[in-house]
Amino acid sequence: MPVIKENIEGDLKVTTYDRTPIMSTYLVAFVIGEFDYVEGKDRNGVLIRTYTPVGKKAQGEFSLDVAIKTLPFYNDYFEIPYPLPKLDLIAIPDFSAGAMENWGLVTYRETALLVDPENTSSGTKQWVALVVGHELAHQWFGNLVTMEWWTHLWLNEGFASWVEFLCVDHCFPDWNIWLQYVNMSLKRALQLDALDSSHPIEVPVGHPNEIDEIFDAISYEKGNSIIRMLQNWLGAEPFRKGLALYLKKFQYSNAFTEDLWAALEESSGQPVNKVMSTWTSQIGFPMITTELAETTDEVRIKVRQQKFCANGDDSSAQSWFVPISVISQSNPDKATCYLLEGKEGEILIEGAKPGDWIKVNPGLIGMYRLNYSDEMLKRLLPAIKNQALGAADRLGIQEDLFALAKAGYNNTANLLTLMGAYVNERNYVVLSSINGNLSELGSLFSHLPCFTQFKAMRRRIFSRILEEVGWEKKETDGHTDALLRNMLVVTLGKSDDEQVLARCQELFNTHYTGGKQIEADIRGAVYLTVRQDGTDETYRKLMDLFNKTDLHEERERVQRILGTGPNAALRSETLEFAMSESVRSNDTPFVIHGVANAGPEGRDQTWAFIKNKFPVFLERYSGGFLFTRLVQVTSNFTTMDHYKDIEKFFAENKAPSAERAVKQSLESIKLRAAWLERDGESVAQWFTEQGL
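For every chain, the first residue of the written sequence is number 1, and numbering continues from 1 onward in sequence order. Only residues with pLDDT of 70 or above have their local features reported here, since the model is predicted, and side-chain atom pairs are shown and tallied only from 80 upward, although totals for entire chains, interfaces and linings are computed over all residues. Just so you know, side-chain values use all the structure's heavy atoms and leave hydrogens and water out.

*Asks:* Even after reading the chapter, I still don't get the overall build of the protein, so can you show me in this structure?
*Replies:* By the criteria applied, helices consist of DSSP H or I runs no shorter than four residues and strands consist of E runs no shorter than two, each listed in order from the N terminus. In terms of helices and strands, the protein carries 26 helices and 16 strands. Based on C-alpha atoms, the radius of gyration is set beside the globule rule, defined as 2.2 Å times the residue count to the power 0.38. Taking 26 Å as the expected radius of gyration for a compact globule of 692 residues, we find that the protein reaches 26 Å, a close match to that expectation. Summary of the burial criterion: residues with accessible area below 20% of their type's maximum are buried, those above 50% are exposed, and those between are partly exposed, where the area comes from a 1.4 Å probe applied to protein chains only. For the protein, the residues scored as buried account for 58% of the 692 residues in total. Taking all contacts inside the protein whose residues are at least 6 apart in sequence as the whole, residues at least 24 apart take part in 68%. For the accessible areas, the method is Shrake-Rupley and the probe is 1.4 Å, while residue cover comes only from the protein chains on display. For the protein, the accessible surface area stands at approximately 28,000 Å², while carbon and sulfur atoms represent 50% of it. Where the 70 positive side-chain charges of the protein centre and where its 93 negative ones centre are 2 Å apart. Throughout, a contact is declared for two residues whenever any of their heavy atoms are within 4.5 Å. Residues counted as positive are Lys and Arg, residues counted as negative are Asp and Glu, and His and the chain ends are not counted. Charge positions are represented by NZ for Lys, CZ for Arg, CG for Asp and CD for Glu.

Encoded structure:
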């Protein structure tokens, strides 16, 4: 709240603040320190300030601008004005979380709030906008109306994680943020919730340690994914009206999930509680298997649901109420909508003609996996190649087949064959999805002889795209062009593309000696690529850059890639560096993760280090999500020997607040080992057949 008065009483200065509204105590914050700030007012006269470290006030301008645009947008969307007279956003030097929504005084990591016009990448700028949008959404969802108990945490985090994209789309419509959403949120939700060790969105919480464990991709990403699905099913306006009704009814008090469902039922007339309780009370999500049922004058599809399991198990009797939408080649702009209430159903596709391609779940709105019949998938391939399908649908087809192959419902060689249909793909988000899936395959095969062929395949796919995009920013570039360029340099550098390796070394040498500076959008990619040479000289130059800069984003660029090279001694030095006073304690886990990303040897080295330093980590982080991040280093191993070692270690060394993360890592290792055993030979044969 604003200061009412300040008095000097002897040696003390007494500051009196205005009275707060009724609020939960976890939202109270005081910050004491030396800060600069920039300020402005939104269109309703609310004073907004971004506080920065001294001398860095210019780096607060971007987040201030986002906040000034966002606050009135939320006022209109929720139909409730922001209730406080001021809003402060402040960058905290050593902050474990990304941000915290304290009412009227929102705290952030420096990299989640500050933007340097010359040195901040487009990716970081986008991240800042999303985090600001997320925390300001909490001023309504979480602060004005607070969950009744931690069981309902998703009401806070799931909603804020959805509306942050709505906010950024409003502020930056050219960023195509809703398409990026699929990779950033929906994919993470589907990956984690396919595990047996997942948990329902609503989970009973009986101990403080359990609270930290549910701040995960289920509460955040699955939560926002089912909200997105719900909004599409109800319609944007009935959904918004229901949210406003809920907030007005429960403002300055607490609410249950059922209270939100009741408000949405009132605004939409739909059975929201009946449908959505199947999504919040159960682990997992469905796989929808589809088959054509054509006649000479109409097209139908048969749909069948079963629980999608990461291990390919098909014994579960679970089912969901599933909103399904379908488009066709003859009627691509109008979806047929259907609510699947049982295990099976049949859908008449409006406007479809026999022989059409049929696309289920257009726009990837529904939270489920698709298992197309061979004929349905065959018809979709030309529409991928000629891009008759939209970007989200092109992305979704290979995402679903990747997940099916990984779980054993299909074969990985079939996935690699499908990727040939993407020969004309140039959309950043689609290419990013393909690259992410290939990277996971690369991690799986990194210790096998066929890994050389795998890198050749990636060079074949991506090198010509980098030639078209070019190395330098163009006047015609959009936001996602910058993101694409960075991804291509990283990918081709890791794939030993000789031209990329040489160009990165040239750019780095010029940058280091004070010549032309590397553009911010590819600087991290260049640092990562030159680090692959494994030389002590490059390592020392990167450390020199780290020591000379006071921009935390630049320090993060360097410290996160220091351990990624092939030199074991330098990786060991990086692990010790991560524990030193040169690295903020909240950054240490991410530096260690960099070493784990250095292939099989780096993973082994990192795991040995974590075991050795485990008591130190336990004392330093006392549980919490940073401790969980360290545990997650183990999830990329691929052998049962590693599984047994990790299982034994955590049986003897308890990991408070990370027990679920340990279970998920162990399950992931077992799944990766089974995947490799199941498909390893057929993939190696596929590479050979392709002449790689």
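*Asks:* Before we go on, may I ask you to explain the pattern of salt bridges in this structure?
*Replies:* Opposite charge on two side chains permits them to pair, given that their charged atoms come into close proximity. Salt bridge, as used here: a side-chain nitrogen of Lys or Arg that lies within 4 Å of a carboxyl oxygen of Asp or Glu. Counted under the stated rule, the structure contains 40 salt bridges. For Arg-369, the salt bridge is made with Asp-400, and the minimal N-O distance between the two is 3.2 Å. On the criterion of sequence distance, the pair formed by Arg-369 in strand S16 (residues 369-372) and Asp-400 in helix H11 (residues 391-407) is long-range, its members being 31 residues apart. An identical accessibility class is assigned to Arg-369 and Asp-400; each is buried. Through salt bridges with shared partners, a single ionic network connects Glu-79, Glu-237, Arg-240, Lys-241 and Lys-248.

*Asks:* Would you take a moment to explain the packing of helix H2 (residues 122-137) against helix H15 (residues 479-494) for this structure?
*Replies:* A pair of packed helices is captured by two measures, namely the crossing angle of their axes and the spacing between those axes. Angles here are taken between N-to-C directions and fall from 0 to 180 degrees, while the axes themselves are lines fitted to C-alpha atoms, restricted in helices to the stretch in contact. Close contact between H2 and H15 brings their axes to 9 Å; oriented N to C, the two are set at 125°. Comparing their axes, H15 and H2 come out oblique. On the side of H2, the interface is formed by Ser-122, Gly-123 and Gln-126, while H15 contributes His-479, Ala-482 and Leu-483. Throughout this entry, Asp, Glu, Lys and Arg are counted as charged residues, while Ala, Val, Leu, Ile, Met, Phe, Trp, Tyr, Cys and Pro are counted as nonpolar. The remaining residues, Gly among them, count as polar. Split by residue class, the contact of H2 with H15 holds two nonpolar, four polar and no charged. Note that the term roughly parallel is reserved for angles under 35 degrees, roughly antiparallel for angles over 145, roughly perpendicular for angles of 65 to 115, and oblique for everything else.

*Asks:* How should the packing of helix H21 (residues 588-596) against helix H23 (residues 614-621) be read in this particular structure?
*Replies:* Two elements in contact, H21 and H23, have axes whose closest approach is 13 Å; the angle formed by their N-to-C orientations is 145°. Residue-level contacts link Thr-588, Pro-589 and Ile-592 of H21 to Phe-617, Arg-620 and Tyr-621 of H23. Of the residues contributing to the contact of H21 with H23, the split by class is four nonpolar, one polar and one charged.

*Asks:* Explain the nonpolar core to me, please; I cannot follow it from the model alone.
*Replies:* It is characteristic of soluble globular proteins that their nonpolar side chains tend to be buried jointly. For this analysis, a nonpolar core means a set of buried residues of the types Ala, Val, Leu, Ile, Met, Phe, Trp, Tyr and Cys, connected via side-chain atoms within 4.5 Å. In terms of nonpolar packing, the biggest core is built from 211 residues, with Tyr-108, Tyr-246 and Ile-324 touching the most fellow members. For Ile-324, the contacting residues outside a window of four places in its chain are Ile-288, Val-303, Thr-336, Cys-337, Tyr-338, Leu-340, Ile-347, Val-360 and Tyr-368.

*Asks:* Honestly, the pairing of strand S1 (residues 3-9) in this entry has me stumped. Any pointers?
*Replies:* By the convention used here, strands pair only if DSSP detects at least 2 bridges between them. Bridge analysis of S1 against strand S2 (residues 12-17) gives six bridges, and the strand direction is antiparallel. Its bridge partner lying in S2, Val-3 is registered against Tyr-17. From the end of S1 to the start of S2, which pair antiparallel, there are two residues, and Gly-10 there has a positive phi angle of about 65°.

*Asks:* So what exactly am I meant to see when it comes to the sheet that holds S16 here?
*Replies:* Backbone hydrogen bonds are what pair the strands of a sheet, in a parallel or an antiparallel way. In spatial order, the strands read S14-S11-S10-S16; together these four strands make up an open sheet with mixed pairing. Both edges of this open sheet fall to strand S14 (344-348) and S16, since each of them pairs with a single strand only. With strand direction ignored, the average angle separating the axes of adjacent strands in the sheet is 30°. Two strands pair when backbone bridges link them, and strand S11 (residues 299-307) and S14 are joined in this way by five bridges, in the antiparallel orientation. Following the sheet pairing, Arg-304 is matched in S14 by Glu-344. Contacts from helix H10 (residues 374-385) reach strand S10 (286-294), S11 and S16, with the element oriented near 85° to S10.

*Asks:* Would you mind going over the side chain of Gln-282 with me for this structure?
*Replies:* With respect to the helices and strands, Gln-282 occurs in the loop between helix H9 (272-280) and S10. With residues near it in sequence (within four places) discarded, Gln-282 still touches Pro-200, Lys-222, Gln-318, Ser-319 and Trp-320.

*Asks:* When you look at the sheet that holds strand S5 (residues 86-92) in this model, what are you seeing that I'm missing?
*Replies:* Judged by pairing direction, the sheet is mixed, and its five strands sit side by side in the order S3-S4-S5-S7-S6 without closing on themselves. If you trace the sheet from one side to the other, it starts and ends with strand S3 (35-41) and strand S6 (99-100), each paired once. Bridge analysis of S6 against strand S7 (residues 105-109) gives two bridges, and the strand direction is antiparallel. Bridge pairing in S7 places Met-100 opposite Thr-107. The sheet strands contacting helix H1 (residues 61-78) are S3, strand S4 (47-53) and S5, and the helix crosses S4 at an angle near 155°. Relative to S7, H2 is tilted by about 150°, and along the sheet it contacts S5, S6 and S7.

*Asks:* Before we go on, may I ask you to explain the environment of Arg-620 in this structure?
*Replies:* Within the secondary structure, Arg-620 sits in helix H23. As for Arg-620 and Ser-585, which are separated by 35 residues in sequence, their C-alpha atoms are 8.1 Å apart. In contact with Arg-620, other than residues within four places in its own chain, are Ala-578, Met-579, Ser-585 and Thr-588. Within the local environment of Arg-620, its side chain forms a polar contact with the backbone oxygen of Met-579, the two atoms lying 3.4 Å apart. We define a polar contact as two N or O atoms separated by no more than 3.5 Å, with the added condition that, inside protein, one atom must be a possible hydrogen donor and the other a possible acceptor, whereas residues neighbouring each other in sequence contribute only through side-chain atom pairs.

*Asks:* Looking at this model, I keep getting lost on helix H7 (residues 236-250). Mind explaining?
*Replies:* With 15 residues, H7 ought to run about 21 Å at 1.5 Å a step, and its terminal C-alpha atoms sit 21 Å apart, in line with that. By the burial criterion, the buried members of H7 are Phe-239, Arg-240, Gly-242, Leu-243, Ala-244, Tyr-246, Leu-247 and Phe-250. If you follow the buried residues of H7, they end up packed against H1, strand S8 (145-147), helix H3 (153-171), helix H6 (217-234), strand S9 (253-255) and helix H8 (257-268). Tyr-252, located one to two residues past H7, shows a positive phi value of around 60°. A helix's residues, less one, multiplied by 1.5 Å, set its expected span.

*Asks:* I tried to follow the packing of aromatic side chains on my own but got confused; where do I start?
*Replies:* The description of an aromatic ring pair uses the distance of the two centres, along with the angle that the planes make with each other. Any two rings among Phe, Tyr and Trp, with Trp reduced to its six-membered ring, count as a pair given centres within 6.5 Å; such a pair is stacked if its planes are under 30 degrees apart, edge-to-face if over 60, and tilted if neither. Enumeration according to the criterion identifies 41 aromatic pairs in this entry. Judged by centre distance (5.7 Å) and plane angle (50°), the ring pair of Phe-159 and Trp-162 falls under tilted. A residue pair is termed a helical-turn pair when its members lie 3 or 4 positions apart in one helix, as Phe-159 and Trp-162 do in helix H3 at three residues. Of the two residues, Phe-159 and Trp-162, neither departs from the other in class, the shared state being buried. A centroid spacing of 5.3 Å and a plane angle of 85° characterise the contact between Phe-649 and Phe-650, whose relative ring orientation is edge-to-face. For the residue pair Phe-649 and Phe-650, the accessibility class agrees, reading buried in each case. Positioned above the aromatic ring of Phe-546 is the side chain of Arg-555, whose terminal nitrogen or guanidinium carbon lies 3.9 Å from the ring centre. In this scheme, the term charge over a ring applies when either NZ of a lysine or CZ of an arginine sits within 6 Å of the ring centre and within 35 degrees of the ring normal.

*Asks:* So what exactly am I meant to see when it comes to a nonpolar patch on the surface here?
*Replies:* A cluster of nonpolar side chains, contributed by Val-3, Tyr-17, Val-28 and Phe-30, occupies part of the molecular surface with about 410 Å² of accessible area. Among the secondary structure elements, Phe-30 is positioned in the loop between S2 and S3. Overall, the relative accessible area of 64% leaves Phe-30 in the exposed class. For patch building, the residue pool is restricted to those with more than 30% relative accessible area and no salt bridge; the joining distance is 9 Å between like charges and 5 Å between nonpolar side chains (Val, Leu, Ile, Met, Phe, Trp, Tyr).

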